Amino acid sequence: MTWNDRFLELFDRSVKRYQSGDKDFTGYYTAADSALLAEIGYKPREFFDFVEDFCEEEVPSASTALLVAAVRRDYFQVVMHGKPGTKELSRDDVPTFGDVLEGIPYLPRLLAKARAKLRGELDPDLMFGCGGDRNFLEKNGGLHPADFLRQVWAADGDDSKVLAWIRSKH
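Note that the structure is predicted; figures quoted are calculated from it, not measured. (Residues numbered from 1 in each chain as written. Predicted model: local features only at pLDDT ≥ 70, side-chain atom pairs only at ≥ 80, totals over all residues. Heavy atoms only, no water.)

Draft legend 1. Focus on the overall build of the chain. If you tally the helices and strands in the chain, you get eight helices and two strands. Its helices and strands in sequence order give the chain the pattern α-α-α-α-β-β-α-α-α-α, from N to C terminus. The C-alpha radius of gyration computed for the chain amounts to 16 Å, which stays within 12% of the reference 15 Å derived for 170 residues, consistent with globular compactness. Counting only C-alpha atoms, the chain reaches 45 × 35 × 30 Å along its principal axes. Considering the chain as a whole, with its 170 residues, one finds that 46% of them fall into the buried category. Restricting to contacts in the chain with at least 6 residues of sequence separation, those with at least 24 account for 66%. Put simply, the chain shows about 8500 Å² of open surface, and 51% of that area lies on carbon and sulfur atoms. (Helix = DSSP H or I, 4+ residues; strand = E, 2+ residues; numbered from the N terminus. Rg over C-alpha atoms; globule rule 2.2 N^0.38 Å. Buried < 20%, exposed > 50% of the residue type's maximum accessible area, 1.4 Å probe, protein only. Contact = heavy atoms within 4.5 Å. Areas by Shrake-Rupley, 256 points an atom, 1.4 Å probe, with all protein chains shown as cover.)

Draft legend 2. Looking closely at the side chain of K117. With respect to the secondary-structure elements, K117 resides in helix α5 (residues 107-119). A relative accessible area of 1% places K117 in the buried class. A distance of 2.7 Å separates a polar atom in the side chain of K117 from a polar atom in the side chain of E46. Beyond its immediate stretch of four places on either side in the chain, K117 contacts Y42, E46, F50, V68, R72, L122, F128 and L149. (Polar contact = N/O pair within 3.5 Å; in protein donor to acceptor, adjacent residues only side chain to side chain.)

Draft legend 3. The arrangement of unusual backbone geometry in detail. Residue P60 follows V59 across a cis peptide bond; omega there is -5 degrees. Positive phi, close to 65 degrees, is recorded for E58, a residue that is not glycine. Position of E58 relative to the elements: it lies in the loop between α3 (44-57) and α4 (62-78). Taking relative accessible area as the criterion, E58 reaches 65% and is therefore assigned exposed. Its identity is not glycine, yet D156 carries a phi of approximately 50 degrees, on the positive side. Tracing the backbone through its elements, the reader meets D156 in the loop between α7 (145-155) and α8 (159-168). Taking the relative accessible area as the measure of exposure, D156 reaches 70% and is therefore exposed.

Draft legend 4. Local environment of the nonpolar core. In terms of nonpolar packing, the biggest core is built from 56 residues, with F7, Y42, F47 and F148 touching the most fellow members. Breaking this core down by element, the ones donating at least two residues are α1 (3-19), α2 (31-39), α3, α4, α5, α6 (131-139), α7 and α8. If you tally residues by element for this core, the top one is α4, at nine residues. Setting aside anything within four residues of it in sequence, one finds F148 in contact with L107, L110, L111, A114, F128, L137, V162, W165 and I166. (Core = buried A, V, L, I, M, F, W, Y, C linked by side-chain atoms within 4.5 Å.)

Draft legend 5. Quick look at the packing of aromatic side chains. Applying the stated criterion across every chain, the model contains 15 aromatic pairs. Ring geometry for Y28 and F48: centres 5.7 Å apart, planes at 85 degrees, overall edge-to-face. With Y28 in the loop between α1 and α2 and F48 in helix α3, this residue pair connects regions lying 20 residues apart in the sequence. Taking the centre distance of 6.1 Å and the plane angle of 75 degrees together, the rings of Y29 and F47 count as edge-to-face. With Y29 in the loop between α1 and α2 and F47 in helix α3, this residue pair connects regions lying 18 residues apart in the sequence. (Phe/Tyr/Trp six-rings, centres within 6.5 Å; stacked < 30°, edge-to-face > 60°.)

Below is the structure:
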């Protein structure tokens, strides 16, 4: 079974477990599941956040979670050569909800979270693709979270490139 099929199987199994009332993700994963998460550069809580949001809000879908994971996996394998990140973006380090870049509120926060997501360096209490992120992406051209991650990766730290892409979608 390929990694993506294993990911979707784990997502479905986790959704069923969550819906049955078990909301403690620390018991969700078998050794094989933990190996999969490590292989794609994911932390257990990072995966669970997508399951929890799907169960509570019906978004993001399993396919969106998979596409976001695919970008992270590719970055982890290609750029990071399968080595985990060494830092962690904490709640204290992330720009605030009101920070603005070129007249666009929330963008500095989303950019910082996207970069940390790519590197696997998000604090467990932060989620790339949370409700605030999804709201921003929807209001700014109906952007997909995985596409946003790819643009951040391709921009290689040049926020003006991401900004130009966002503006091209309006």
